[in-house]
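Per-entry structural report
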Amino acid sequence: MKRMLKRIFIIPNALFAILLLAQLLPNKPYRIEDRPLYTVVLAAAVEAVLLIVSLAVKKDRPRRVISDVIGCVFAFLIFWVLATIKFDLPGNAKQAVFPPPGAVFEKFAVDFAPMLINVRDSIFLILDGYLIGVVTAIPLGLFFGWNLRIGDAAGYLTKFFSSISPLVYIPYAIVLLPTFRAASVFVIFMATFWPTLASTMSGVLNVEKRIIDSAKTLCVGRFTMLFQIILPAALPQIFIGLYQGLSVSFILLVSAEMIGARSGLGYYVNNYANFGNYTSALAGVITIGVVVAFITFLFNLLQRFLLRWKQQ
Amino acid sequence: MVGKIEIKNLSAEYADKNGKFTVLKDLSFNIQAGEFVSIIGSSGCGKSTLLGVLQGLIAPSAGGAYIDGEKITAPGHNRAVVFQHYSLFPWMTVQKNIMFGLKQVRDLSRAECSEIALGFIEKVGLKGFEHKYPFQLSGGMQQRAAIARAMALDSDILLMDEPFGAIDAKNRSKMQELLLSLWDNEKKAKTVVFVTHDIDEAIFLSDRIIMLTNSLGQIAAEFEVPFPRPRVHSTIRETPGYVSLRNKLMSLFYDENPGAAAGMEYTI
Ligand SMILES: Nc1ncnc2c1ncn2[C@@H]1O[C@H](COP(=O)(O)OP(=O)(O)O)[C@@H](O)[C@H]1O
Ligand SMILES: [Mg+2]
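Residues numbered from 1 in each chain as written. Chains lettered and ligands numbered in written order. Predicted model: local features only at pLDDT ≥ 70, side-chain atom pairs only at ≥ 80, totals over all residues. Heavy atoms only, no water.

**Section: the overall build of chain B**
Of the regular secondary structure elements, chain B holds eight helices and ten strands. Relative to the 2.2 N^0.38 estimate, which gives 18 Å for 268 residues, the radius of gyration of chain B is 18 Å and therefore close to what a compact globule would have. Once the C-alpha set of chain B is aligned to its principal axes, its extents read approximately 50 × 45 × 40 Å. Per-residue burial for chain B yields a buried fraction of 55% across its 268 residues. A fraction of 68% describes how many contacts in chain B between residues 6 or more apart in sequence connect residues 24 or more apart. By element, 51% of the accessible surface of chain B is carried by carbon and sulfur atoms, the whole surface being about 11,700 Å². Across chain B, the centroid of the 29 positively charged side chains sits 4 Å from that of the 30 negatively charged ones. (Helix = DSSP H or I, 4+ residues; strand = E, 2+ residues; numbered from the N terminus. Rg over C-alpha atoms; globule rule 2.2 N^0.38 Å. Buried < 20%, exposed > 50% of the residue type's maximum accessible area, 1.4 Å probe, protein only. Contact = heavy atoms within 4.5 Å. Areas by Shrake-Rupley, 256 points an atom, 1.4 Å probe, with all protein chains shown as cover. Lys, Arg positive; Asp, Glu negative; His and termini not counted. Charge placed at Lys NZ, Arg CZ, Asp CG, Glu CD.)

**Focus: a nonpolar patch on the surface**
On the surface, Leu25, Phe76, Phe79, Phe87 and Leu89 of chain A cluster together into a nonpolar patch covering about 550 Å² of accessible area. Tracing the backbone shows leucine 89 of chain A in the loop between helix 4 (60–86) and helix 5 (101–110). (Patch = residues over 30% accessible without salt bridge, like charges linked within 9 Å, V, L, I, M, F, W, Y side chains within 5 Å. Salt bridge = Lys/Arg side-chain N within 4 Å of Asp/Glu carboxyl O.)

**Overview of the interface of chain A and chain B**
Contacts between the two partners involve 20 residues from chain A, matched on the other side by 24 residues from chain B. Note on chain A versus chain B: buried area summed over both sides is about 2,000 Å², and carbon and sulfur give 71% of it. The tally of links from chain A across to chain B stands at zero salt bridges. Put simply, the parts of the chain that give the side of chain A that touches chain B at least two residues each are helix 10 (209–217) and helix 11 (222–256) of chain A. Broken down by element, the residue count for the side of chain A that touches chain B peaks at seven residues, all from helix 10 of chain A. Of the residues contributing to the side of chain A that touches chain B, the split by class is nine nonpolar, five polar and six charged. (Buried area = accessible area lost by both parts, 1.4 Å probe. Nonpolar A, V, L, I, M, F, W, Y, C, P; charged D, E, K, R; others polar.)

**Let's talk about the sheet that holds strand 4 (residues 62–67) of chain B**
Residues and elements named next belong to chain B. In space, the four strands of this open sheet follow the order 2-1-4-5, with antiparallel pairing throughout. Every interior strand has two partners, whereas the edge strands, strand 2 (19–31) and strand 5 (70–71), have only one. Pairing analysis gives nine bridges linking strand 1 (residues 5–16) to strand 2, with the strands arranged antiparallel. Across the sheet, the residue bridging to glutamate 13 is threonine 22, located in strand 2. Lying over the sheet, helix 1 (residues 47–55) contacts strand 1, strand 2 and strand 4, oriented at roughly 115 degrees with respect to strand 1. (Pairing = 2+ DSSP bridges. Axes fitted to C-alpha atoms, helices over the stretch in contact; angles between N-to-C directions.)

**What to know about the site of ligand 1**
Residue and element names in this part refer to chain B. Residues in contact with ligand 1, as listed here, are Tyr14, Phe21, Val23, Ser42, Ser43, Gly44, Cys45, Gly46, Lys47, Ser48 and Thr49. In this structure, an oxygen atom belonging to ligand 1 sits 2.7 Å away from a main-chain N or O atom of glycine 44. Between an oxygen atom of ligand 1 and a main-chain N or O atom of cysteine 45, the distance comes to 3.3 Å. For ligand 1, whose unbound accessible area comes to 560 Å², protein coverage reaches 61%. Residue assignment for the shell around ligand 1 shows that the elements contributing at least two residues are strand 2 and helix 1. Here the element with the most residues in the shell around ligand 1 is helix 1; it accounts for three residues. The residue makeup of the shell around ligand 1, split by class, is four nonpolar, six polar and one charged. (Near = heavy atom within 4 Å. Polar contact = N/O pair within 3.5 Å; in protein donor to acceptor, adjacent residues only side chain to side chain.)

So far we have only geometry, and geometry alone does not tell us how the molecule works.
Take a look at the structure:
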């Protein structure tokens, strides 16, 4: 019982209470109307998750991570509502670019169905570019790394290419590729391909020589050596490139969807920002953040599973 | 009987920034099929290089090594290898490691591989650990698994490079007895070439001990070890001739290694 109480009296719950109280403060005159109900409903939903997690999750670490994340969300919401509608910190002139939280959350409710479609389209776009990048970069990296085990000229070349922003390729992609979507996929592909190729090659170059010797004494064939020995041995390093590619892909999503896209989160953000509707644009940005966090979570699960043979 | 090894005028060299330097020079000796031979010598004298040639991983600069009359140019199915470290693949469980080895070397179905693997896992005392990854095992258990894999390959020749070098003394004795019992109980008499820098280990295991010189990897001395088998640690020290053989080896070993105090443990 006492342990349960200890799980309830935690800072995130106090922050939730403060957030509710903050709603009661009088509003400043503000250009964009707040919809405090949406903030309260959303915060209450998050609070419900927090309560369930606090009481139901037995393992200490995941419970603490989740409650810390939620605490940060509440702290940010408190700051947001105070800085905008309650105290108008940025000053009257800037009110249009700093919508209060309730106004942004209202967009989630209003735009729920189109937002889901945007999420789907963006994920498919990134998945296409990312997967094509991964399935081409890893075999090439294995092949080059394995055949150039001595020279590292290729290493410098890939470093050179991975330092070029994929945005540079946009005009060429538009001219050379048949559709705008193909050009967008190409941007994501480029964001993934070079870091994955670079990390695969350096992973191959760093494979413990004694492991390779051990495989050689078993007379493994070329193909087996590459895909059953070198690939798993290099996998921890390959994951560094895979993660970098994923991060950059998301950073470039907004730019990639500037190329004539008609849907997607990046398109959504662009579109509203261009018309000066920062309330909707911010709703899009927050959605991107949530999607990125969720996909990163899945990515980490996959990584943990594939590298379960490694000492943590 | 198969598994006879001949080393004829073998030289091996490495290249470094000062040019080439010779590690083995004009080395010749034979190992009979089914014989257990230990190679001893101090650190850096060329033991691993010699074994590397036998494994087919290092090309000699002159001369060569022959198995049943055929020159070694690459690794082959007639040899199985155990290293001091990293014989096992860290991303495969114990059983998968053994099955992987079997699949490469022997033409067997998956079920047969699995069965043979489990059999050897039991023989080396790792029952219950077949689904563990190497990092979950102690160094000694890892070497048991590596030995199980090498034995499962059913090769004519077993090449071992200081396989117990990183294991504590008590476990090392157990591993030595395990190795001998596996070797004694094989239907097929395997030839074993065992590299070590531990004199007691060499005496306990071998039919014959070949001591290399400190430089240029030549034979400093050769000793027959006539003690009857099966051998166990609890009685080997009482075998007549044990003490005198050990003393002879010790004095030669430390003569060959000026600067090392007698009785001092040698490390790799
Ligand atoms: N790959 C290599 N490149 C250059 N020199 C090496 C290499 N491997 C071993 N050596 C050198 O060759 C000599 C013999 O090494 P090694 O056969 O490993 O000796 P041991 O196994 O008896 O300790 C040592 O001086 C060592 O430094
Ligand atoms: Mg060595």
